[in-house]
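Here's the letter readout for the chains.
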Amino acid sequence: RLKAVAFLLHRQPHLLKTQLYVTPLELVLSSCGVIENGEQRQNKALITKMNNLSISSPDYLHIVNDTFANSDCYCLPQPPKLLTIMDGEAITAKRTAAVSAISAKLFKPALSEVLCILGSGQQARSHYDVFTKLFKFKEVRVWSRNKEMAQRFVNDLQDPVTVCSSVKEAVIGADVIVTATGASQPILFGEWVKPGAHIAAVGACRPDWRELDDVLMREAVVYVDSREGATAESGDIILSGAEVFAELGEVINGSFPAQREKTTVFKSLGMGIQDAVSAKLVLEKWNSEY
Ligand SMILES: NC(=O)C1=CN([C@@H]2O[C@H](COP(=O)(O)OP(=O)(O)OC[C@H]3O[C@@H](n4cnc5c(N)ncnc54)[C@H](O)[C@@H]3O)[C@@H](O)[C@H]2O)C=CC1
Ligand SMILES: O=C(O)C1=NCCCC1
């Protein structure tokens, strides 16, 4: 599955999320992806996902089958068939962690012993699951601004994880750091980060929100899922003025190197194509089993 996501990341155009302010919801993001199967362009599917950025509201993922073939445009000449509706929260958690894991695979130091996760919500958990499944760490640490929540997070796990009392304590000496919080101001400071560490920065997905400070953003080699998305949606990039070195897809296809000996930041914002590929995998599995 990681391979499928990696492959598609460097060959699909990115469609920027549409952001709407709708009362009483705080913010709705709609991401969109298109799947085409084979040369004949049959079984095309248009996938849309709506997120409500207000914490603890539901997400919706709709997959709409586009019933015509051999056309170059995506306007629909006839009403499309609604193929399925899926739980967007579950898919978002898994696909975001899968893409961060690709970044860690490419950029983490060769000897990576300590994993640190900042945040203890859904993304923190999905990142814990994928990172500890794919990589071997000697120590895993978690910090959350709500210590009880961090303790609950740890109590749910089989393997030992240390709950830290401060971000500084959690990140000092860490080789891989995941930031998955709702912070709107920097919580991770460059002066604490071990040279050569890899940071998968998942939160702060608004142009005026931050998780990482200017020092870290300017000193690290910065990779993104989409340049277009990063320069429109990421406060860490826009407000620090940091230069984007490459997209993940540009590293996967060999256009840019993975500078794993340097401190690296992967600024994740999420792309419609990640939802589309993941939803297609879920649907295929469902169809093969039921
Ligand atoms: N890059 C991507 O593709 C995606 C990014 N996200 C972002 O990832 C972040 C985490 O998402 P979820 O785990 O789903 O949310 P969640 O609500 O399950 O967890 C949020 C975590 O952040 C902590 N938190 C909230 N406000 C904070 C603050 N001011 N300072 C420090 N910690 C704070 C909470 O205590 C909790 O541990 C959010 O910013 C969300 O928008 C979510 C989905 C996809
Ligand atoms: O891609 C997504 O899904 C999201 N990206 C940024 C913030 C929340 C959801």
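So, how was this worked out
- Residues numbered from 1 in each chain as written.
- Chains lettered and ligands numbered in written order.
- Predicted model: local features only at pLDDT ≥ 70, side-chain atom pairs only at ≥ 80, totals over all residues.
- Heavy atoms only, no water.
- UniProt positions renumbered as here; feature names shortened; annotations may be inferred.
- Core = buried A, V, L, I, M, F, W, Y, C linked by side-chain atoms within 4.5 Å.
- Buried < 20%, exposed > 50% of the residue type's maximum accessible area, 1.4 Å probe, protein only.
- Helix = DSSP H or I, 4+ residues; strand = E, 2+ residues; numbered from the N terminus.
- Contact = heavy atoms within 4.5 Å.
- Near = heavy atom within 4 Å.
- Polar contact = N/O pair within 3.5 Å; in protein donor to acceptor, adjacent residues only side chain to side chain.
- Areas by Shrake-Rupley, 256 points an atom, 1.4 Å probe, with all protein chains shown as cover.
- Domains from an automatic or database assignment.
- Arc of directions from axis to C-beta.

Taking an unreviewed UniProt entry as the reference, the protein chain is identified by name as Ketimine reductase mu-crystallin belonging to Sinocyclocheilus anshuiensis. According to the UniProt record, the Sequence similarities (unreviewed entry) comment for the protein chain is "Belongs to the ornithine cyclodeaminase/mu-crystallin family." Regarding the protein chain, the UniProt comment filed under Subunit (unreviewed entry) reads as follows: "Homodimer. Binds the thyroid hormone triiodothyronine (T3); T3 binding inhibits enzymatic activity."

(A) Region of interest: the nonpolar core. Counting residues in hydrophobic clusters, the biggest one holds 30 residues, and the most contacted among them are Leu118, Ile177, Leu188, Ile199 and Val265. At the level of elements, β6 (114-118), α5 (167-171), β10 (198-201), α6 (214-219) and β11 (221-224) are the ones that each hand at least two residues to this core. Among all residues touching Ile177, those that are not within four sequence positions of it are Cys116, Leu118, Val171, Leu188, Val193, His198, Ile199 and Ala200. Among the nonpolar cores identified, the runner-up in size contains 22 residues, and Phe135, Val154, Leu157 and Val163 belong to it.

(B) A look at the site of ligand 2. Surveying the vicinity of ligand 2 reveals 10 residues, the closest of which are Lys17, Lys49, Arg95, Leu269 and Gly270. Interatomic distance of 2.9 Å between a backbone N/O atom of Leu269 and a nitrogen atom of ligand 2. Protein burial of ligand 2: of its 260 Å² of free accessible surface, 87% is covered by the chains. Elements with a contribution of two residues or more to the shell around ligand 2: β3 (42-52) and α2 (88-107). There are two domains that each give the shell around ligand 2 at least three residues, and those are domain 1 (2-74) and domain 2 (90-274).

(C) Structural detail: helix α4 (residues 147-155). For α4, the full list of buried residues reads Ala150, Phe153 and Val154. Angular distribution of buried residues about the axis of α4 spans 95°; they occupy a single face of the element. Opposite the buried face of α4, by more than 90 degrees, sit the exposed residues Glu148, Arg152 and Asn155. A distance of 3.1 Å separates the backbone nitrogen of Glu148 from a side-chain oxygen at the start of α4, and that oxygen is part of Asn146.

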